[in-house]
Amino acid sequence: MNRKSWSELSPWQQVATAVLAPVEVALTTAAAIDLIRRPAGQIHGPKAAWWPLLLVQPIGPVAYLSWARHRRP
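Definitions and limits used
All residue numbers refer to positions counted from 1 along the written sequence of the respective chain. pLDDT decides what is reported in this predicted model: residues at 70 or higher carry local features, side-chain atom pairs at 80 or more are listed and counted, and totals for whole chains, interfaces and linings draw on all residues regardless. Hydrogens and waters are ignored; side-chain quantities use all the structure's heavy atoms. For helices, the fitted axis covers only the stretch in contact; all axes are lines through C-alpha atoms, and the angles between them, taken along N-to-C directions, range from 0 to 180 degrees. Helix numbers and strand numbers start at the N terminus; a helix is a DSSP run of H or I with at least 4 residues, a strand a run of E with at least 2. Every angle not falling under 35 degrees, over 145, or within 65 to 115 is termed oblique; those three ranges are roughly parallel, roughly antiparallel and roughly perpendicular. Here a crossing is taken to be left-handed if its near helix is turned anticlockwise relative to the far helix by less than a right angle, and right-handed if that turn runs clockwise. Only heavy atoms matter for contacts: two residues are in contact if any of them lie within 4.5 Å across the pair. Put simply, Ala, Val, Leu, Ile, Met, Phe, Trp, Tyr, Cys and Pro go in the nonpolar bin, Asp, Glu, Lys and Arg in the charged bin, and everything else, Gly too, in the polar bin.

Bringing the packing of helix α1 (residues 11-37) against helix α3 (residues 59-68) into the picture now. Where α1 meets α3, the closest approach of the two axes is 9 Å, and the angle between their N-to-C directions is 50 degrees. On the basis of the axis angle, α1 is oblique to α3. Of the two possible hands of crossing, α1 and α3 adopt the one that is left-handed. Here L27, T28, A30, A31, D34 and L35 of α1 lie close against α3, whose contacting residues are P61, V62, Y64 and L65. By residue class, the composition of the contact of α1 with α3 is eight nonpolar, one polar and one charged.

Here's what the structure looks like:
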């Protein structure tokens, strides 16, 4: 794989990276904090299975936040 340095990226690629990277960090952080705090009975599937999935960016955190949690009453 041929990796490019920051200066070799086009301006729109630099902007997209600068905007999307913090979004991914925020989503992953929010999902991890929720996974720590939420009881296992309020999560679809085992908690241990969700930890490695949170590292699959950006699908893991989005899947956890949108599907894995039981809605609170």
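Moving on from the coordinates now.
Structurally, the position occupied by V62 is in helix α3. The spatial distance from the C-alpha of V62 to the C-alpha of Q14 is 23 Å, given a sequence separation of 48 residues.

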